[in-house]
Amino acid sequence: MNIQWYPGHMTKAKRMMEENIKLIDLVIELLDARIPVSSKNPDIDTLSKGKARLIILNKADLADEKATNEWIDYYKSQGINAVKVNSRMKNFTKQVNEAILKSSEAIIARNLKRGIKNKPIRAMIVGIPNVGKSTFINTLSGRAAAKTGNKPGVTKGKQWIKIAGNIELLDTPGILWPKFDDEMIGEHIAFIGSVNEEIIDIEELSISFIATLKKTHSGLLSDRYEVDEGLSDYEILKAIAIKRNCLLKGAEADTKRAAKLLLDDFKEGKLSRITLEKAEEI
């Protein structure tokens, strides 16, 4: 599939981020732990040039733990501080606050050298749509400070949010980049729900997902849905429809409903803890 999605509001959001970067000490980039490569917007590296960095591998509870730890080691080898979190849990606040302060040590030292004490650390939260920025911020702040939703495009504008540790966060809308040069990247971010579903053929996307799982997690589909992975990708989708009673009149397989079921199972972690991109492949 050749998926491309870059609506006009993303151009506006990127411009807003460029205008506010001068106010920022630290850029906190949220990646989806299941697809750290595909969920990393290359424009953020340009935007963040000269700024302290922190990477959050979000939704780590849905990803393979060993693979996530290998990604953390990879970023460390690149001189970038990274931590893994499950934004829906409330036990990561201390860990993330410490990571923010660690990533800001040079800034704090510089301020002290200038005689400036207790100046708030200002951090910009960035990431692609539906990567969990708002839920992450709400957990850190301990209140519903940012609007959340299980679809891309919920955050429309910027807002400053204070959290413990004399830290101020600038929430920003999720942005993609104008063109995915690799079709796999477009597919991967569509798998996790970061692309508007209205522009996607969900059956075609699910067939691509089946093909991907057969390569990366052989046996998972047969274990979960009791289907024969020796079938073609489309026949596997039909078999899932029948097994899960997704049927039309005349007992015909409702492949569209089965496609949504399959992708929802992945998004919700019902298939397994899956990582589609490994650090060793870099």
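A quick note: this is a predicted structure, and the numbers were derived from the prediction, not measured.

What counts, and at which threshold
- Residues numbered from 1 in each chain as written.
- Predicted model: local features only at pLDDT ≥ 70, side-chain atom pairs only at ≥ 80, totals over all residues.
- Heavy atoms only, no water.
- Axes fitted to C-alpha atoms, helices over the stretch in contact; angles between N-to-C directions.
- Helix = DSSP H or I, 4+ residues; strand = E, 2+ residues; numbered from the N terminus.
- Parallel < 35°, antiparallel > 145°, perpendicular 65-115°, else oblique.
- Contact = heavy atoms within 4.5 Å.
- Nonpolar A, V, L, I, M, F, W, Y, C, P; charged D, E, K, R; others polar.
- Pairing = 2+ DSSP bridges.
- Phe/Tyr/Trp six-rings, centres within 6.5 Å; stacked < 30°, edge-to-face > 60°.
- Buried < 20%, exposed > 50% of the residue type's maximum accessible area, 1.4 Å probe, protein only.
- Lys NZ or Arg CZ within 6 Å of the ring centre and 35° of its normal.
- Core = buried A, V, L, I, M, F, W, Y, C linked by side-chain atoms within 4.5 Å.

**Q** How should I be thinking about the packing of helix H8 (residues 202-216) against helix H10 (residues 233-243) in this particular structure?
**A** In a pair of packed helices, the angle between the axes and the distance between the axes together describe the arrangement. With their axes 9 Å apart at the nearest point, H8 and H10 run at an angle of 105 degrees to one another. Compared by their axis directions, H8 and H10 come out roughly perpendicular. Between H8 and H10, the residues in contact are Glu203, Ser206, Ile207, Ile210, Ala211 and Lys214 and Asp233, Tyr234, Ile236 and Leu237, respectively. Classifying every residue of the contact of H8 with H10 by side-chain character gives six nonpolar, one polar and three charged.

**Q** Please clarify how the sheet that holds strand S5 (residues 159-163) should be interpreted in this entry.
**A** Backbone hydrogen bonds are what pair the strands of a sheet, in a parallel or an antiparallel way. Spatially, the six strands line up as an open sheet ordered S3-S2-S1-S4-S6-S5, and their pairing is mixed. Each edge of the open sheet carries a strand with a single partner, namely strand S3 (81-84) and S5. In this sheet, adjacent strand axes meet at a mean angle of 25 degrees when their direction is disregarded. Docked against the sheet, helix H4 (residues 93-103) engages strand S1 (26-32), strand S2 (52-58), S3, strand S4 (121-126), S5 and strand S6 (167-171), running at close to 175 degrees with respect to S3.

**Q** Even after reading the chapter, I still don't get the packing of aromatic side chains, so can you show me in this structure?
**A** What describes a pair of aromatic rings is the distance from one ring centre to the other and the angle between the planes of the rings. Tallied over the entire structure, the rule returns seven aromatic pairs. Seen in terms of ring centroids, tryptophan 71 and tyrosine 74 are 5.6 Å apart; in terms of plane orientation they differ by 90 degrees. Their pairing is edge-to-face. Highlighted residues: tryptophan 71 and tyrosine 74, both in helix H3 (residues 65-77), separated by three residues, approximately one helical turn. What makes tryptophan 71 buried here is its relative accessible area of 1%. Through a chain of ring-to-ring contacts, the aromatic side chains of Trp71, Tyr74 and Tyr75 assemble into a single cluster. One Lys or Arg, arginine 34, reaches over the ring of phenylalanine 266 and ends 4.9 Å from the middle of that ring.

**Q** How should I be thinking about H10 in this particular structure?
**A** Residues lying three or four places apart along an α-helix face the same way, a consequence of the helix completing one turn every 3.6 residues. Along H10, the positions that sit buried rather than exposed are Ile236, Leu237, Ala239, Ile240 and Ala241. Where H10 is buried, its residues touch H8, helix H9 (220-225) and helix H11 (255-267). Looking one or two residues beyond H10, the residue adopting positive phi is asparagine 245, at roughly 60 degrees.

**Q** Even after reading the chapter, I still don't get the nonpolar core, so can you show me in this structure?
**A** Nonpolar side chains in soluble globular proteins tend to be buried together. Ile28, Ile100, Phe136, Leu169 and Leu271 are the most contacted members of the largest nonpolar core, which has 76 residues in total. Apart from residues no more than four positions distant in its own chain, leucine 169 is found in contact with Ile28, Ala123, Ile125, Ile137, Leu140, Gln159, Trp160, Ile161 and Ile163.

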